[in-house]
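# Fold and geometry: a report
Chain by chain, the residues:
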Amino acid sequence: HRQLQGIPIYQASGVARKALNVFATYVAMMNQDIQKAIQFHRNPFHFKHVQVLKGGAAIDDCGPCVVMATPSMLQSGLSRDLFEAWCESSANTIIIADFAVQGTLARDILASPTHVMSRQGVKLPLRAKVEAISFSAHADFDQTRQFLEELAPPHVVLVHGEFNEMMRLRTALEREAAQKGWDRTVHTPKTDSSIFIPFMQTHTAAVRGRLAEQPAKASQTLRGVLVQRGGATDQILHPEDVSTFTKLTVGKVTHRQAVAISKPFAEVRLALEVMFEGIEGSGCLPVKSVLPSAAAGSSSDGGRLPEDEQAVCVGDIVM
(Lines give C-alpha, C1' and ligand atoms only; values in the text may rest on other atoms or scores of the structure.)
Protein backbone atom coordinates (compact mmCIF):
# COMPACT_ATOMS: atom_id res chain seq x y z
CA HIS A 1 0.00 0.00 0.00
CA ARG A 2 1.44 3.36 -1.03
CA GLN A 3 0.36 5.15 2.13
CA LEU A 4 2.03 2.51 4.30
CA GLN A 5 5.35 2.24 2.46
CA GLY A 6 6.93 4.92 4.61
CA ILE A 7 6.05 3.23 7.93
CA PRO A 8 9.06 1.30 9.28
CA ILE A 9 8.73 -2.35 10.30
CA TYR A 10 10.92 -3.71 13.09
CA GLN A 11 11.65 -7.29 14.08
CA ALA A 12 12.72 -7.69 17.72
CA SER A 13 13.04 -11.46 18.15
CA GLY A 14 16.52 -12.86 18.74
CA VAL A 15 15.33 -16.41 18.04
CA ALA A 16 13.81 -15.39 14.70
CA ARG A 17 17.00 -13.57 13.75
CA LYS A 18 19.10 -16.66 14.48
CA ALA A 19 16.65 -18.89 12.61
CA LEU A 20 16.84 -16.67 9.52
CA ASN A 21 20.63 -16.94 9.60
CA VAL A 22 20.34 -20.74 9.64
CA PHE A 23 17.88 -20.70 6.73
CA ALA A 24 20.11 -18.40 4.70
CA THR A 25 23.10 -20.67 5.33
CA TYR A 26 21.45 -23.92 4.27
CA VAL A 27 19.63 -22.74 1.16
CA ALA A 28 20.92 -25.82 -0.71
CA MET A 29 18.52 -27.90 1.38
CA MET A 30 15.49 -25.76 0.48
CA ASN A 31 12.99 -26.38 -2.31
CA GLN A 32 13.61 -25.54 -5.95
CA ASP A 33 11.78 -22.19 -5.83
CA ILE A 34 14.07 -20.87 -3.10
CA GLN A 35 17.20 -22.23 -4.77
CA LYS A 36 16.17 -20.58 -8.04
CA ALA A 37 15.64 -17.26 -6.26
CA ILE A 38 19.13 -17.51 -4.75
CA GLN A 39 20.60 -18.05 -8.22
CA PHE A 40 19.06 -14.76 -9.35
CA HIS A 41 20.55 -12.99 -6.29
CA ARG A 42 17.21 -12.74 -4.50
CA ASN A 43 17.59 -14.25 -1.05
CA PRO A 44 14.04 -14.75 0.27
CA PHE A 45 15.36 -14.66 3.85
CA HIS A 46 16.65 -11.11 3.55
CA PHE A 47 13.76 -8.72 4.18
CA LYS A 48 14.75 -5.29 2.96
CA HIS A 49 11.67 -3.63 4.47
CA VAL A 50 12.15 -5.19 7.94
CA GLN A 51 14.78 -3.80 10.29
CA VAL A 52 16.29 -5.69 13.23
CA LEU A 53 15.51 -4.02 16.55
CA LYS A 54 17.82 -4.75 19.49
CA GLY A 55 16.15 -2.53 22.08
CA GLY A 56 13.12 -0.35 22.72
CA ALA A 57 15.21 2.82 22.96
CA ALA A 58 15.86 2.74 19.20
CA ILE A 59 12.21 3.51 18.40
CA ASP A 60 11.51 6.28 20.91
CA ASP A 61 9.66 9.14 19.19
CA CYS A 62 10.02 7.53 15.75
CA GLY A 63 6.39 8.07 14.83
CA PRO A 64 4.08 5.36 13.43
CA CYS A 65 5.76 1.95 13.17
CA VAL A 66 5.16 -1.77 13.35
CA VAL A 67 7.11 -3.85 15.89
CA MET A 68 7.11 -7.66 15.94
CA ALA A 69 8.30 -8.44 19.46
CA THR A 70 8.56 -11.51 21.68
CA PRO A 71 7.52 -13.22 23.87
CA SER A 72 4.00 -13.43 22.50
CA MET A 73 2.42 -13.98 25.94
CA LEU A 74 3.57 -10.48 27.07
CA GLN A 75 4.89 -11.89 30.32
CA SER A 76 8.37 -10.34 30.13
CA GLY A 77 11.00 -9.09 27.72
CA LEU A 78 10.75 -6.38 25.10
CA SER A 79 7.12 -7.14 24.21
CA ARG A 80 6.09 -6.45 27.82
CA ASP A 81 8.15 -3.24 27.93
CA LEU A 82 6.55 -1.93 24.74
CA PHE A 83 3.08 -2.92 25.91
CA GLU A 84 3.37 -1.03 29.18
CA ALA A 85 4.76 2.00 27.32
CA TRP A 86 2.05 2.07 24.64
CA CYS A 87 -1.10 0.56 26.18
CA GLU A 88 -2.40 3.88 27.54
CA SER A 89 -2.76 5.49 24.09
CA SER A 90 -5.85 4.84 21.98
CA ALA A 91 -3.75 5.49 18.86
CA ASN A 92 -1.93 2.18 19.33
CA THR A 93 -3.05 -1.33 18.42
CA ILE A 94 -1.83 -4.58 19.96
CA ILE A 95 -2.16 -7.70 17.76
CA ILE A 96 -1.85 -11.11 19.43
CA ALA A 97 -0.58 -13.43 16.70
CA ASP A 98 -0.15 -16.62 18.73
CA PHE A 99 -2.26 -18.86 20.95
CA ALA A 100 -2.77 -17.00 24.23
CA VAL A 101 -2.29 -19.34 27.19
CA GLN A 102 -4.64 -18.92 30.11
CA GLY A 103 -3.10 -16.98 32.99
CA THR A 104 -0.93 -14.76 30.78
CA LEU A 105 -1.27 -11.05 30.06
CA ALA A 106 -1.96 -11.77 26.39
CA ARG A 107 -4.99 -13.86 27.38
CA ASP A 108 -6.17 -11.27 29.89
CA ILE A 109 -6.22 -8.33 27.45
CA LEU A 110 -8.26 -10.34 24.92
CA ALA A 111 -11.16 -10.02 27.39
CA SER A 112 -11.01 -6.21 26.92
CA PRO A 113 -10.27 -5.13 30.50
CA THR A 114 -10.21 -1.43 31.32
CA HIS A 115 -7.00 -1.65 33.36
CA VAL A 116 -3.95 -3.94 33.58
CA MET A 117 -1.27 -4.31 36.21
CA SER A 118 2.33 -3.50 35.32
CA ARG A 119 5.29 -5.54 36.53
CA GLN A 120 5.94 -2.86 39.13
CA GLY A 121 2.42 -3.23 40.53
CA VAL A 122 1.09 -0.01 38.97
CA LYS A 123 -2.44 -0.04 37.59
CA LEU A 124 -2.36 1.09 33.93
CA PRO A 125 -5.39 2.06 31.84
CA LEU A 126 -5.78 -0.05 28.69
CA ARG A 127 -6.89 2.31 25.94
CA ALA A 128 -5.04 0.63 23.05
CA LYS A 129 -7.05 -1.51 20.68
CA VAL A 130 -6.49 -5.26 21.04
CA GLU A 131 -6.86 -7.65 18.10
CA ALA A 132 -6.08 -11.35 17.61
CA ILE A 133 -4.86 -12.93 14.38
CA SER A 134 -4.10 -16.65 14.51
CA PHE A 135 -0.73 -17.51 13.00
CA SER A 136 -0.38 -20.52 15.30
CA ALA A 137 1.03 -23.73 13.83
CA HIS A 138 -1.36 -25.84 15.94
CA ALA A 139 -4.08 -27.86 14.22
CA ASP A 140 -7.67 -26.80 14.73
CA PHE A 141 -10.56 -29.13 15.50
CA ASP A 142 -11.37 -29.97 11.88
CA GLN A 143 -7.73 -30.80 11.10
CA THR A 144 -7.42 -32.91 14.26
CA ARG A 145 -10.64 -34.77 13.49
CA GLN A 146 -9.56 -35.49 9.91
CA PHE A 147 -6.18 -36.71 11.11
CA LEU A 148 -7.79 -39.10 13.59
CA GLU A 149 -10.25 -40.36 10.98
CA GLU A 150 -7.40 -41.38 8.69
CA LEU A 151 -5.36 -43.10 11.42
CA ALA A 152 -8.28 -44.47 13.49
CA PRO A 153 -6.23 -44.97 16.68
CA PRO A 154 -8.00 -46.68 19.60
CA HIS A 155 -6.31 -44.30 22.07
CA VAL A 156 -5.81 -40.53 21.77
CA VAL A 157 -3.70 -38.61 24.29
CA LEU A 158 -4.16 -34.82 24.53
CA VAL A 159 -1.13 -33.31 26.22
CA HIS A 160 -1.03 -29.66 25.16
CA GLY A 161 -3.43 -26.77 25.46
CA GLU A 162 -5.68 -24.99 27.89
CA PHE A 163 -7.55 -27.33 30.23
CA ASN A 164 -11.09 -26.16 29.40
CA GLU A 165 -10.44 -26.21 25.66
CA MET A 166 -8.83 -29.64 25.93
CA MET A 167 -11.89 -30.97 27.76
CA ARG A 168 -14.12 -29.59 25.01
CA LEU A 169 -11.98 -31.29 22.37
CA ARG A 170 -12.08 -34.55 24.30
CA THR A 171 -15.88 -34.42 24.57
CA ALA A 172 -16.24 -33.68 20.86
CA LEU A 173 -13.90 -36.52 19.84
CA GLU A 174 -15.64 -39.02 22.13
CA ARG A 175 -19.09 -37.95 20.91
CA GLU A 176 -18.06 -38.32 17.28
CA ALA A 177 -16.55 -41.77 17.94
CA ALA A 178 -19.73 -42.91 19.70
CA GLN A 179 -21.93 -41.72 16.80
CA LYS A 180 -19.82 -43.58 14.23
CA GLY A 181 -19.28 -46.69 16.35
CA TRP A 182 -15.52 -46.28 16.67
CA ASP A 183 -13.51 -47.78 19.49
CA ARG A 184 -11.74 -44.69 20.82
CA THR A 185 -10.55 -43.66 24.28
CA VAL A 186 -9.37 -40.07 24.76
CA HIS A 187 -6.90 -39.43 27.59
CA THR A 188 -6.15 -36.01 29.10
CA PRO A 189 -3.40 -36.66 31.67
CA LYS A 190 -2.15 -33.92 33.95
CA THR A 191 1.47 -32.85 33.96
CA ASP A 192 3.83 -35.50 35.43
CA SER A 193 1.05 -38.10 35.55
CA SER A 194 1.04 -41.54 33.91
CA ILE A 195 -1.52 -43.39 31.84
CA PHE A 196 -1.80 -47.10 31.08
CA ILE A 197 -2.62 -48.23 27.54
CA PRO A 198 -2.96 -52.01 27.04
CA PHE A 199 -1.22 -53.18 23.92
CA MET A 200 -1.74 -56.54 22.24
CA GLN A 201 0.49 -57.50 19.34
CA THR A 202 -0.60 -59.99 16.70
CA HIS A 203 2.16 -62.37 15.67
CA THR A 204 1.77 -64.63 12.63
CA ALA A 205 3.92 -67.69 12.07
CA ALA A 206 3.75 -70.75 9.78
CA VAL A 207 3.50 -74.19 11.43
CA ARG A 208 5.50 -76.78 9.50
CA GLY A 209 6.80 -80.31 9.83
CA ARG A 210 5.32 -82.81 12.19
CA LEU A 211 3.49 -80.08 14.12
CA ALA A 212 1.40 -79.44 11.00
CA GLU A 213 0.41 -83.06 10.48
CA GLN A 214 -2.71 -82.61 12.62
CA PRO A 215 -4.89 -79.52 12.13
CA ALA A 216 -4.80 -77.23 15.14
CA LYS A 217 -7.98 -76.65 17.10
CA ALA A 218 -9.26 -73.37 18.47
CA SER A 219 -7.58 -72.26 21.73
CA GLN A 220 -5.15 -75.18 21.44
CA THR A 221 -1.71 -74.64 22.93
CA LEU A 222 1.01 -75.40 20.40
CA ARG A 223 4.46 -76.15 21.71
CA GLY A 224 7.50 -75.89 19.49
CA VAL A 225 10.48 -73.78 18.48
CA LEU A 226 9.82 -70.31 17.05
CA VAL A 227 12.34 -69.54 14.28
CA GLN A 228 12.56 -65.88 13.20
CA ARG A 229 14.50 -64.70 10.16
CA GLY A 230 14.77 -61.15 8.85
CA GLY A 231 12.48 -60.64 5.86
CA ALA A 232 11.12 -64.22 5.96
CA THR A 233 8.02 -65.78 7.45
CA ASP A 234 8.39 -66.92 11.04
CA GLN A 235 8.09 -70.67 11.61
CA ILE A 236 7.01 -72.89 14.48
CA LEU A 237 8.77 -76.25 14.29
CA HIS A 238 9.22 -79.38 16.30
CA PRO A 239 12.74 -79.40 17.76
CA GLU A 240 13.66 -82.41 15.62
CA ASP A 241 12.51 -80.57 12.45
CA VAL A 242 14.70 -77.50 12.94
CA SER A 243 17.61 -78.87 10.90
CA THR A 244 15.20 -79.98 8.13
CA PHE A 245 13.46 -76.66 7.50
CA THR A 246 16.30 -74.31 8.43
CA LYS A 247 20.06 -74.11 8.23
CA LEU A 248 20.36 -74.19 12.00
CA THR A 249 22.31 -76.93 13.74
CA VAL A 250 20.74 -78.70 16.70
CA GLY A 251 23.04 -79.12 19.67
CA LYS A 252 22.88 -80.47 23.19
CA VAL A 253 23.76 -78.82 26.46
CA THR A 254 25.30 -81.12 29.05
CA HIS A 255 25.05 -80.07 32.68
CA ARG A 256 27.53 -81.29 35.24
CA GLN A 257 26.70 -80.81 38.89
CA ALA A 258 29.34 -80.42 41.56
CA VAL A 259 28.53 -81.55 45.10
CA ALA A 260 30.67 -80.81 48.14
CA ILE A 261 31.33 -83.96 50.21
CA SER A 262 33.58 -84.94 53.08
CA LYS A 263 33.68 -88.71 52.47
CA PRO A 264 36.22 -90.65 50.42
CA PHE A 265 35.22 -91.03 46.81
CA ALA A 266 35.04 -94.82 47.07
CA GLU A 267 32.31 -94.57 49.70
CA VAL A 268 30.40 -92.05 47.59
CA ARG A 269 30.50 -94.29 44.51
CA LEU A 270 29.37 -97.29 46.53
CA ALA A 271 26.44 -95.34 47.95
CA LEU A 272 25.40 -94.21 44.45
CA GLU A 273 25.55 -97.78 43.09
CA VAL A 274 23.37 -98.99 45.98
CA MET A 275 20.79 -96.17 45.82
CA PHE A 276 20.43 -95.67 42.06
CA GLU A 277 19.92 -98.46 39.58
CA GLY A 278 21.98 -98.35 36.40
CA ILE A 279 25.09 -96.67 37.82
CA GLU A 280 28.16 -98.72 37.07
CA GLY A 281 31.64 -98.24 38.42
CA SER A 282 33.14 -97.50 35.03
CA GLY A 283 35.89 -95.36 36.40
CA CYS A 284 36.88 -92.91 39.07
CA LEU A 285 36.20 -89.20 38.83
CA PRO A 286 39.17 -87.00 39.77
CA VAL A 287 38.96 -85.45 43.21
CA LYS A 288 39.62 -81.72 42.91
CA SER A 289 39.61 -80.98 46.63
CA VAL A 290 38.04 -82.08 49.89
CA LEU A 291 36.61 -80.29 52.89
CA PRO A 292 38.99 -79.58 55.78
CA SER A 293 37.03 -82.07 57.94
CA ALA A 294 38.30 -84.97 55.82
CA ALA A 295 41.15 -86.90 57.45
CA ALA A 296 42.71 -87.66 54.10
CA GLY A 297 41.86 -87.03 50.45
CA SER A 298 41.69 -89.66 47.78
CA SER A 299 42.80 -89.03 44.21
CA SER A 300 41.63 -90.88 41.14
CA ASP A 301 44.27 -93.57 41.62
CA GLY A 302 43.47 -94.20 45.29
CA GLY A 303 46.52 -92.36 46.67
CA ARG A 304 46.66 -89.36 48.97
CA LEU A 305 46.18 -85.87 47.68
CA PRO A 306 49.11 -83.50 47.87
CA GLU A 307 49.27 -81.70 51.19
CA ASP A 308 48.44 -78.22 49.74
CA GLU A 309 45.19 -79.53 48.15
CA GLN A 310 43.63 -80.91 51.34
CA ALA A 311 43.05 -77.73 53.38
CA VAL A 312 41.05 -75.20 51.40
CA CYS A 313 38.30 -72.65 52.11
CA VAL A 314 34.61 -73.39 52.56
CA GLY A 315 32.95 -74.27 49.28
CA ASP A 316 35.52 -76.81 48.09
CA ILE A 317 33.87 -79.42 45.92
CA VAL A 318 34.47 -82.88 44.55
CA MET A 319 34.11 -82.84 40.74
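Residues numbered from 1 in each chain as written. Predicted model: local features only at pLDDT ≥ 70, side-chain atom pairs only at ≥ 80, totals over all residues. Heavy atoms only, no water.

What follows is about the overall build of the chain. Helix and strand content of the chain: 8 helices and 12 strands. In the chain, which comprises 319 residues, the share counted as buried stands at 21%. Taking the intrachain contacts of the chain between residues at least 6 apart in sequence as the baseline, contacts between residues at least 24 apart amount to 54%. Roughly 24000 Å² of accessible area belongs to the chain as shown, and the carbon and sulfur atoms make up 54% of that amount. (Helix = DSSP H or I, 4+ residues; strand = E, 2+ residues; numbered from the N terminus. Buried < 20%, exposed > 50% of the residue type's maximum accessible area, 1.4 Å probe, protein only. Contact = heavy atoms within 4.5 Å. Areas by Shrake-Rupley, 256 points an atom, 1.4 Å probe, with all protein chains shown as cover.)

Another point: the pattern of salt bridges. If you walk through the whole model with that rule in mind, you get 12 salt bridges. A salt bridge links arginine 145 to aspartate 142, with the shortest nitrogen-to-oxygen separation between them at 3.1 Å. Residue arginine 145 and its partner aspartate 142 are located together in helix α5 (residues 141-151), separated by 3 residues, close to a single helical turn. The class for arginine 145 is partly exposed, based on a relative accessible area of 29%. Residue aspartate 142 is classed as partly exposed on the basis of its relative accessible area, which comes to 43%. Between arginine 168 and glutamate 165 there is a salt bridge; the shortest N-O distance is 3.3 Å. Of the two residues, arginine 168 and glutamate 165 are both situated in helix α6 (residues 163-180); the distance of 3 residues between them amounts to about one turn of the helix. When its relative accessible area of 36% is taken as the criterion, glutamate 165 is described as partly exposed. Beyond isolated ion pairs, a larger network of salt bridges with shared partners links Asp142, Arg145, Glu149, Glu176 and Lys180. (Salt bridge = Lys/Arg side-chain N within 4 Å of Asp/Glu carboxyl O.)

Our next topic: the sheet that holds strand β3 (residues 66-69). In spatial order, the strands read β2-β1-β3; together these 3 strands make up an open sheet with parallel pairing. Edge positions in the sheet fall to β2 (50-52) and β3, since each of these pairs with one other strand and no more. Mean inter-strand twist for the sheet, computed between neighbouring axes without regard to direction, equals 25°. As paired elements, strand β1 (residues 9-12) and β2 share 3 bridges and run parallel to each other. Paired with tyrosine 10 across the two strands is glutamine 51, which belongs to β2. (Pairing = 2+ DSSP bridges. Axes fitted to C-alpha atoms, helices over the stretch in contact; angles between N-to-C directions.)

A separate point is the side chain of serine 13. Among the secondary structure elements, serine 13 is positioned in the loop between β1 and α1 (14-25). Polar contacts involving the side chain of serine 13 include one to the main-chain amide nitrogen of alanine 16, which spans 3.2 Å. (Polar contact = N/O pair within 3.5 Å; in protein donor to acceptor, adjacent residues only side chain to side chain.)

Across the sheet, which stays open at both edges, the 3 strands sit in the order β10-β12-β11 with mixed pairing between neighbours. A strand with exactly one partner marks an edge of an open sheet, and here the two such strands are β10 (206-207) and β11 (225-227). Bridge count between β10 and strand β12 (residues 235-237): 2 bridges; the pairing is parallel. Each residue of the ladder has a partner; that of valine 207, found in β12, is isoleucine 236.

Next up on the list: unusual backbone geometry. Along the chain, threonine 70 connects to proline 71 via a cis peptide bond; the corresponding omega equals 0°. Residue position: proline 71 is located in the loop between β3 and α3 (77-86). Its identity is not glycine, yet aspartate 192 carries a phi of approximately 65°, on the positive side. With respect to the helices and strands, aspartate 192 occurs in the loop between β9 (185-187) and β10.

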